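Observations on the three-dimensional arrangement
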Amino acid sequence: MGPTGRPLSDFPTPAPLSGHGPARIVSLCNQKGGVGKTTTTISLAASLAEYGRRVLVIDFDPQGALSAGLGIGTHEGLTIYDLLLNPKRPAAEAIQETRIPGLDIIPANIDLSAAEVHLVNEVAREQILARVLRQVTSDYDVVLIDCQPSLGLLTVNALTASHGVLIPLECEFFALRGVALLIETIEKVRDRLNPAIELDGILATMFDSRTLHSREVLERVVEAFGDDVLETVIGRTVKFPDASVAGTPITSFAPEHPAAKAYRQLARELVARGAVA
């Protein structure tokens, strides 16, 4: 039995793709901070790239942690903020290659914090990111959007542009409390803006099997959300901050570490579920 109390599945290595695109767009979203959104975006993207997928990650948090975690400078060149303010600007101009073959990024910096003020009076302001991404989805298999810890206009833009949502959830009581509100927001976006959006899964992160609290929270999440909870569970480890300081995914920083293997399993599980190509 796995940590979620269900039999562990053996997710096969994804078959190579015959071609690339159009991409499926997935937002990693949770209004609570510190639950592993950025770490998951980096590590999942790197794992999918290892399996031959072309991946684009969008840093959609003004803190720019995703960009920093991939060793990308954010104060030279275009960022996602520039594209939001001028959707007619070619999105390809803002794309940067990372050190990981097959993994590209559109970075962000603190300028993005002003985006909501600039966009609030725009017509169809919730759909501006979707218009930006439409230019580049044919070049990639997967686009992952690392959302900021908020349910504001930027996050609504991300959800409106997405085919699916992945919710990283820390195995801690206060993190559990906000999930119902987040799912309610996703349902509102589905009703009013994006009928095609799906919940791709809830990913338990920062799990510590040694503590009763972690085990109880995970048990409650599975009781509440059933098969929406992914079988893959990400454990707590000091290797994640070490990899962030090095500006590289844990799959490259410590490829044989259990956390790196867990993110590869997550990539295989999402492919098996049809959430990504």
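Residues numbered from 1 in each chain as written. Predicted model: local features only at pLDDT ≥ 70, side-chain atom pairs only at ≥ 80, totals over all residues. Heavy atoms only, no water.

**Describing the packing of helix H6 (residues 153-161) against helix H8 (residues 179-192)**
How we decide: An axis is simply a line fitted to the C-alpha atoms; with a helix, the fit covers only the stretch in contact. Between two such axes, the angle follows the N-to-C directions and lies from 0 to 180 degrees. Strands here mean DSSP runs of E at least two residues long; helices mean DSSP runs of H or I at least four residues long; both are numbered from the N terminus. Reported orientations rely on four angle classes, namely roughly parallel under 35 degrees, roughly antiparallel over 145, roughly perpendicular from 65 to 115, and oblique for the rest. Should the near helix be turned anticlockwise from the far one by less than a right angle, the crossing is left-handed, and should it be turned clockwise, the crossing is right-handed. We call two residues in contact whenever any of their non-hydrogen atoms come within 4.5 Å of each other. Think of it as three bins: nonpolar holds Ala, Val, Leu, Ile, Met, Phe, Trp, Tyr, Cys and Pro, charged holds Asp, Glu, Lys and Arg, and polar takes everything else, Gly as well.
For the pair H6 and H8, interaxial distance at closest approach is 10 Å and the crossing angle is 60°. With respect to their mutual orientation, H6 and H8 come out oblique. Judged by the twist between their axes, the crossing of H6 over H8 is right-handed. Taken together, the residues of H8 that come into contact with H6 (itself represented by Val 156, Leu 159 and Thr 160) are Thr 185, Ile 186 and Val 189. When grouped by side-chain class, the residues that make up the contact of H6 with H8 number 4 nonpolar, 2 polar and no charged.

**Describing the state of the cysteines**
Selection rule: By convention in this document, the label disulfide applies to cysteine sulfur atom pairs within 2.5 Å.
This structure, assessed with the given rule, holds 0 disulfides. Counting only cysteine sulfurs, Cys 29 is the nearest neighbor of Cys 147, a cysteine outside any disulfide, at a range of 4.6 Å.

**Let's talk about the environment of Met 1**
When you line up the elements, Met 1 lands in the segment before strand E1 (24-28). Along the chain, Met 1 and Ile 80 lie 79 residues apart, while their C-alpha atoms are 43 Å from each other. Residues contacting Met 1, with those up to four places away along its chain left out, are Arg 6, Pro 7 and Leu 8.

**Focus: the sheet that holds strand E2 (residues 55-60)**
Counted only if it meets this: Pairing between two strands requires that DSSP report at least two bridges joining them.
Overall, mixed pairing links the 8 strands, which are arranged E3-E4-E2-E5-E1-E6-E7-E8 in an open sheet. On the outer flanks of this sheet lie strand E3 (96-97) and strand E8 (229-235), each paired with one strand and no other. Bridge count between strand E7 (residues 198-207) and E8: 3 bridges; the pairing is parallel. The residue bridging Ala 204 from the neighbouring strand is Val 233, located in E8. Strand contacts of helix H12 (residues 258-273): strand E6 (164-170), E7 and E8, with the helix running at about 170° to E8, the strand carrying the most contacts.

**Quick word on H6**
Which entries qualify depends on this criterion: Working definition: with a 1.4 Å probe on protein chains only, accessible area under 20% of the residue-type maximum means buried, over 50% means exposed, and in between means partly exposed.
A large share of H6 lies buried, amounting to 9 of its 9 residues. Among the residues of H6, Leu 153, Leu 154, Thr 155, Val 156, Asn 157, Ala 158, Leu 159, Thr 160 and Ala 161 are the ones counted as buried.

**Looking at the UniProt feature "domain: AAA" (unreviewed entry) in the protein chain**
Which entries qualify depends on this criterion: UniProt positions are given in the numbering used here, feature names are shortened, and annotations may be inferred rather than shown by experiment.
The feature "domain: AAA" (unreviewed entry), as given by UniProt, occupies residues 24-198 in the numbering adopted here. Taken end to end, residues 24-198 is 37% helix and 18% strand, and its two terminal C-alpha atoms sit 11 Å from one another.

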